[in-house]
Amino acid sequence: MKFLVSIMLLFCLQACSQTQQPIKSTSMENSTAKTNPYYSRTDRTLLTVSNDEWKKILSPDLYAVSREAATERPHTGKYNQFDEKGEYYCAVCGNHLFRSDAKFSSTCGWPSFFEADKEGVIYKRDTSHGMERIEVLCKRCASHLGHVFNDGPEPTGVRFCMNSISLDFVGDSEKK
Ligand SMILES: [Zn+2]
């Protein structure tokens, strides 16, 4: 009997020691937003901030995508498979970019939208990597967001292929 108790105790101790601390749930908002003096979801004044300045403010990953046009690995972004109702803002400056109604399931591995806020984005021809593409940038801060292609669904027929890290999502239930 004593043996059984000590065995059970041993199992319990083992189980307890293996219990890991739960990972603190992170907010859907980009964590740099709070320490970013240029971030605003209401101010649409165009920003002219140098990359040296952005480098001090943004996380290295967001800086690489938004200011150096890097692309996050496919199927890794937090908004790739995500269908909550709400609004998407620029993670760098807070400018409104997309409404969830325009998001659609795409197999490409990045969050995809068939329509952008016309006041939210601008376009630029991109011939890098030996390809002819149209780059999508935030209208307010000129940060790289992704590319737009002509293979999207109705009603527009276009596909905005975005980097999750460039987006800040605010759910309808969070809006005040
Ligand atoms: Zn922006």
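- The protein is annotated in an unreviewed UniProt entry as peptide-methionine (R)-S-oxide reductase of Chryseobacterium koreense CCUG 49689.
- UniProt annotates the protein under Cofactor (unreviewed entry) with the comment "Zn(2+)".
- Heading Sequence similarities (unreviewed entry) of the UniProt record for the protein holds this comment: "Belongs to the MsrB Met sulfoxide reductase family."

## Here we look at the pairing of strand β6 (residues 133-138)
Regular strands have side chains that alternate between both faces of the sheet.
Line of reasoning, step 1. With six bridges connecting them, strand β5 (residues 121-126) and β6 associate as antiparallel partners. Within β6, the position partnered with Ile122 by the bridge is Leu137.
Line of reasoning, step 2. Relative to strand β7 (residues 144-149), β6 runs antiparallel, the two sharing four bridges. Its bridge partner being in β7, Leu137 is matched across the sheet by His144.
Line of reasoning, step 3. Between β6 and β7, which pair antiparallel in sequence order, lie five residues; one of them, Ala142, sits at a positive phi of approximately 60°.

Conventions we followed
- Residues numbered from 1 in each chain as written.
- Predicted model: local features only at pLDDT ≥ 70, side-chain atom pairs only at ≥ 80, totals over all residues.
- UniProt positions renumbered as here; feature names shortened; annotations may be inferred.
- Pairing = 2+ DSSP bridges.
- Helix = DSSP H or I, 4+ residues; strand = E, 2+ residues; numbered from the N terminus.

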